[in-house]
Amino acid sequence: MIDNILQLPVWEQAVFFFIFGSMFGSFANVLIYRMQKQEPLNLLKRSFCPNCKYLIPFYLNLPILSWFLLRGRCQNCKECFSFRYPLVEFLMASLFVLLFLHIGWEWFLLESLLFAFALVVVSFIDLDQMILPDSFTLSGMVLGLVGAILNPERLFLDSFIGFFLGGFILLFIAYIYHFIRKQEGIGGGDIKLLAWIGAVLGWKSIPFVLITSSFLGTIVGVFLILCDKKFHFKTAIPFGPYLAIAALFYIFLRDLGNNYLEFLIPF
């Protein structure tokens, strides 16, 4: 099957990755919902309406298209379905296509697809509950280090230093913040997430991810403060999504990120 796909024009391969990614996006929605509800992950259980538990017919259970075919409502109780469902599926499909077009048929593509999938899942869970599940962050660290051993395109030492540096930097910042302010400023989940990012992308990614995520978080934070009086500078916001976005940026802008690091550390 792989040989047949490789013989297709690039745009047809991209379509394959889009469809494949949308299916993973649908699975991501299941994980996001059921992990937050602490429901058992039964892959054989069909999608259902969260309100009335009505099982969605298989012919209407199509990634991205389902929401529009159902007009955003349950066929049984007419409860509205969140637009997040097709959004996550489209986001995942787009990421799969972009990663394929950027990386090509390399071993790192497989790692990047799994990495992007997991980042999307934990980001939306963090947005909802301000929690980054250990089942993802801890296993992500292990997979990142194991991937560096198995993938001839990566170096284990680079991955190990990235893992250690990513965790240590945020842990140090969290300790200093707590020492000065006497309150938690950075969650343990964020520390584990950055260690996971370092294990997958290597130590050179850490400065770029930290600077970019901090910049994005600051911009969004200021925007929320200006638009909503409930927000202020002491309001806690989830930092995981910004780390995830910065990590994805680094994959696409790796050369720019490394050049920026060389500017900061010219040796």
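A quick note: this is a predicted structure, and the numbers were derived from the prediction, not measured.

The rules behind the values
- Residues numbered from 1 in each chain as written.
- Predicted model: local features only at pLDDT ≥ 70, side-chain atom pairs only at ≥ 80, totals over all residues.
- Heavy atoms only, no water.
- Core = buried A, V, L, I, M, F, W, Y, C linked by side-chain atoms within 4.5 Å.
- Buried < 20%, exposed > 50% of the residue type's maximum accessible area, 1.4 Å probe, protein only.
- Helix = DSSP H or I, 4+ residues; strand = E, 2+ residues; numbered from the N terminus.
- Contact = heavy atoms within 4.5 Å.
- Expected span 1.5 Å × (residues − 1).
- Salt bridge = Lys/Arg side-chain N within 4 Å of Asp/Glu carboxyl O.
- Axes fitted to C-alpha atoms, helices over the stretch in contact; angles between N-to-C directions.
- Parallel < 35°, antiparallel > 145°, perpendicular 65-115°, else oblique.
- Nonpolar A, V, L, I, M, F, W, Y, C, P; charged D, E, K, R; others polar.

Chemist: Is there a simple way to think about the nonpolar core in this case?
Modeler: The tendency in soluble globular proteins is for nonpolar side chains to be buried side by side. By size, the foremost hydrophobic cluster in this structure holds 51 residues, and its most contacted members are F115, W196, I197 and L201. Contributing elements (two or more residues each) for this core: α2 (10-36), α4 (84-103), α5 (107-129), α6 (134-150), α8 (188-201), α9 (205-227) and α10 (240-252). No other element matches α5, which puts 13 residues into this core. Here W196 is in contact with F115, A118, L119, V122, F136, T137, G140 and M141, once residues within four sequence places are set aside. Core analysis: the next-biggest nonpolar cluster, separate from the first, contains 6 residues, C49, I56, L60 and F81 among them.

Chemist: Just checking my understanding: could you explain α8 for this structure?
Modeler: Two residues of an α-helix separated by three or four positions point the same way, owing to the 3.6 residues in each turn. For α8, with 14 residues, the first-to-last C-alpha span of 20 Å sits near the 20 Å given by 1.5 Å per residue. In terms of burial, α8 is largely enclosed, as 12 of its 14 residues are buried. Residues of α8 that are buried: G189, D190, I191, L193, L194, A195, W196, I197, G198, A199, V200 and L201. G202 sits one or two positions beyond α8 and adopts a positive phi of about 90°.

Chemist: Before we go on, may I ask you to explain the pattern of salt bridges in this structure?
Modeler: Where charged atoms from two side chains of opposite charge approach closely, those side chains can pair. Summed over the entire model, instances satisfying the criterion amount to 3 salt bridges. A salt bridge links E111 to R154; the nearest nitrogen and oxygen atoms lie 2.7 Å apart. Placement of the pair is E111 in helix α5 and R154 in the loop between α6 and α7 (156-181), with a sequence separation of 43 residues. On the basis of relative accessible area, E111 is assigned to the buried category, the value being 15%. Among the ionic pairs, D134 bridges to K192, the shortest N-O distance being 2.8 Å. A residue pair is termed long-range when its members are at least 10 positions apart, and D134 in helix α6 and K192 in helix α8 qualify at 58 residues. Residue class for D134 comes out partly exposed when judged on its relative accessible area of 38%.

Chemist: I'm lost on the packing of α5 against α8 in this one. Help?
Modeler: Each packed pair of helices is defined by two parameters, the angle between the axes and the distance between the axes. At a minimum axis distance of 11 Å, the contact between α5 and α8 shows a crossing angle of 170°. Classified by the interaxial angle, the pair formed by α5 and α8 is roughly antiparallel. Across the interface between the two elements, F108, F115, A118, L119, V122 and D126 from α5 touch D190, L193, W196, I197, V200 and L201 from α8. Among the residues making up the contact of α5 with α8, the classes are represented as 10 nonpolar, no polar and 2 charged.

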